[in-house]
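# Analysis of the macromolecular model
Residue strings, one per chain:
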Amino acid sequence: MQAQMLAHTEGTEREIIKLRREIEDIENSVKVDPDIAKLETQNNKLKYQIAHLQQAIEKEKSKRMIAFPAFFGEKIQTVVSRLYPDVNAKIEVGPNKGKNGDYQCSCSFLINKELSKMGQKTNPKEIANNLSQHFGDVSCLEKIEVTGPGFLNFYLKPNFVSSQIQDVLVNGVRAPPCNKRLKVFVDFSSPNIAKEMHVGHLRSTIIGDTVSRLLEFVGHDVHRVNHLGDWGTQFGMLIAHLQDQFPNYTTESPPIENLQAFYKESKTRFDQDPDFKARAYKCVVSLQGGDEDIIKGWKLICGISLAEFNKIYERLDIRLDPVGESFYQKKMEELVPELEKAGHLQFSEGCKLIFVEGQDVPMMVVKSDGGFTYDTSDLAAIKYRMVTSEADWGVYVVDSGQGLHFDLLFAAARKIGLVKPEQKLDHVGFGVVLGEDRKKFKTRSGDTVKLKDLLDEGLQRAEKKIRDKEEIKKEKGGAGLLTEEEIIACRDAVTYGCIKFADLTCTRTNDYVFSFDKMLDDKGKTAVYLLYALTRIRSIARNAGKSNIELLDHAKQNPVNLEHEAELKLAKTLLRFAEVIEEITGTLQPHTLCNYLYDISTDFTYFYDKCYCIQKDRETGEIVKIHMDRLLLCEATAQVMEKCFNLLGIKTVSRM
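Residues numbered from 1 in each chain as written. Predicted model: local features only at pLDDT ≥ 70, side-chain atom pairs only at ≥ 80, totals over all residues. Heavy atoms only, no water.

### Considering the pattern of salt bridges
Put simply, the rule is: Any Lys or Arg side-chain nitrogen located within 4 Å of an Asp or Glu carboxyl oxygen qualifies as a salt bridge. Secondary structure elements follow DSSP: runs of H or I no shorter than four residues count as helices, runs of E no shorter than two count as strands, and numbering proceeds from the N terminus. Working definition: with a 1.4 Å probe on protein chains only, accessible area under 20% of the residue-type maximum means buried, over 50% means exposed, and in between means partly exposed.
Applying the stated criterion across every chain, the model contains 39 salt bridges. Note that Lys311 is salt-bridged to Glu308, the shortest N-O span being 3.1 Å. Remark: Glu308 and Lys311 occur in helix H11 (residues 292-315); sequence separation between them is three residues, near one turn of the helix. Classification of Lys311 as partly exposed rests on a relative accessible area of 48%. Using a relative accessible area of 39% as the deciding quantity, one classes Glu308 as partly exposed. Here Lys383 ties to Glu338 by a salt bridge, and the two come within 2.7 Å at their closest N and O atoms. Here Lys383, found in helix H13 (residues 374-388), pairs with Glu338, found in helix H12 (residues 329-341); they are 45 residues apart in sequence, far enough to count as distant. We classify Glu338 as partly exposed; its relative accessible area is 38%.

### Examining the domain arrangement of the protein chain
A common way to report how large an interface is uses the accessible area buried once the components associate. This is how it is decided: Where each domain begins and ends follows an automated or database-derived domain assignment.
Along its sequence, the protein chain is organised into domain 1 (2-62), domain 2 (68-157), domain 3 (183-229 + 324-430), domain 4 (234-317) and domain 5 (457-647). The C-alpha-based centres of domain 2 and domain 4 are spaced at 65 Å.

### What to know about the nonpolar core
The tendency in soluble globular proteins is for nonpolar side chains to be buried side by side. Which entries qualify depends on this criterion: The term nonpolar core refers to a set of buried residues drawn from Ala, Val, Leu, Ile, Met, Phe, Trp, Tyr and Cys, joined through side-chain atoms within 4.5 Å. Here, two residues are considered to be in contact whenever any of their heavy atoms come within 4.5 Å of each other.
Core analysis: the largest hydrophobic core is formed by 163 residues, its most contacted members being Phe72, Ile111, Phe154, Phe514, Phe577 and Leu593. Considering every element that reaches this core, the biggest residue donor is helix H23 (residues 628-647), with 12 residues. Every residue in contact with Leu593, bar those within four places of it in the chain, is listed here: Leu214, Val580, Ile581, Ile584, Cys644, Leu647 and Leu648. Counting residues in hydrophobic clusters, the runner-up holds 30 residues, among them Ile354, Val365, Met386 and Tyr396.

### Section: the packing of aromatic side chains
Short version of the rule: Only centres within 6.5 Å qualify two rings of Phe, Tyr or Trp (six-membered ring in Trp) as a pair; their planes then separate them into stacked at under 30 degrees, edge-to-face at over 60, and tilted for everything else.
Inspection of the entire model under this criterion finds 24 aromatic pairs. With a centroid separation of 5.3 Å and an interplanar angle of 50°, the aromatic rings of Tyr396 and Phe406 are classed as tilted. Of this pair, Tyr396 sits in strand E11 (residues 393-397) while Phe406 is found in helix H14 (residues 403-415), placing the two residues 10 residues apart along the sequence. Of the two residues, Tyr396 and Phe406, both sit in the buried class. Measuring from ring centre to ring centre gives 6.5 Å for Phe577 and Tyr596, while their planes differ by 45°; the resulting arrangement is tilted. One end of the pair, Phe577, is in helix H21 (residues 577-587); the other, Tyr596, is in helix H22 (residues 591-610), and 19 residues separate them in sequence. Under the relative-accessibility criterion, Tyr596 is labelled buried at 1%.

Shown next, in the form of structure tokens:
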């Protein structure tokens, strides 16, 4: 829906540009055309169409939630441009967690610094007062206040906050405004064919999925790319081993149940048997030459691997489009002559290199033996994405250890003209997963932890914890017992949710310690605690006997009254959703969303402690009063939390 809205808006804006050009043509021709009246009529019609289209654009934008820092920042920028036209100061507005308003801006200090350089004497407080006086009336603002040495503080109107909560209930949780719909390639996960996915793939897969979800939510055209390692020398030894073990593989599907073991067997032969090694190299040549039987073996091996990868992705509810290195083979063959012809390659000891100013090492495009490298493949991929596919933005979710490689890759791509100045390339780096001993996460035997085994262990631990709690419920009378179906749904949501949340909740550039005990804790900033908080919020309306339909009907017809300070505090936190999303789409730091989700649960707990939603007779237990406004606030809270969970790739459950 967001993408459709943006596409419609962009189409409308293109139509406006076209109409304006027609108006200019008409106005220019007025001087020579004798039928001036006819031209003026046509001109007025076009201007009317432009006004109508501009209204349509504003209507589309109004369907989105307000990101207040950006909203106030634009207003301040307009005032600054009018009052201080020679000043070029960066305007930043942020939430004010103190008592002085809801949002704060300190731009007066930057403006004062710029004016001082020009020889103008003033002070930040005087500038802040000047900005405040010229800000004008804004419907959402109760007041603007200048505090301290020159801080601008913005106070939202309680009635406006109430109307925005009503808007969330009626129209749903929506993204902030997006100025332009971008075509984005997000490159993540990227396991190697014939090898099992391990814990090293976990972070790229989880972070990449969340980044994709966020960019899709705001309306961008996102292409989720799984850059598979499906080409190279290893396939020569795999196919040679396949020929020996299953000589009829071209006509009968071989029963390869454990491709990892099959790979190890072929690698052992490759390292120890010179004849096998020579035959493996011949298979590589045949593969690159397109030999039909060799290609069939290669496709067979790739198919087995992809089926196993997809089982992991399905469990984690992650969608990816596989595009292997094999896809770029022909493109690399075309790219190298182009670079030579353009004079971008330099020769050194038989290698073909790209030297980039400011980089310590060159990029190796062709090795001395004539073979291509990962650098060549990455350049070909950039060309396909940024030139052929005309993407606006390339995002690479790869561990921080590859930072220097991406610095060189991006600089080289820009130098040789594969990336225009207006196109963006970002390396979304992340730290490694550590064990509880704070060393790289390994099995007891020192092997890399397989991702499948990790997920299986999580399911076992979560299910045991859930069933233990169900036994405690039975001992206390059996109230609220989960069905077997609910236990399994809860187990899956908790397992995959806790693994994702533990990864995403820390700053992605930091290493993090993997601990199931901490992940499955139902206290503190964990997925278990937050999922339980959501089910508790959802249960309030059920206990009051109110359905979602009844709540929606009430919200459509009645404003949400926010009288208690705890109600207003929670409501304002919910309205921060759009600004949080806007911030993350700029920084690509998902932990900000995890922190926000925890802030919501904290403010809800405070609200629930202070404000009764349902009042019952102390003796009979019967409901004597239902506070509909507070039930609506509970519903709005649940909707925002569910959207946050969805963007983090975490499934929710109705009962826990």
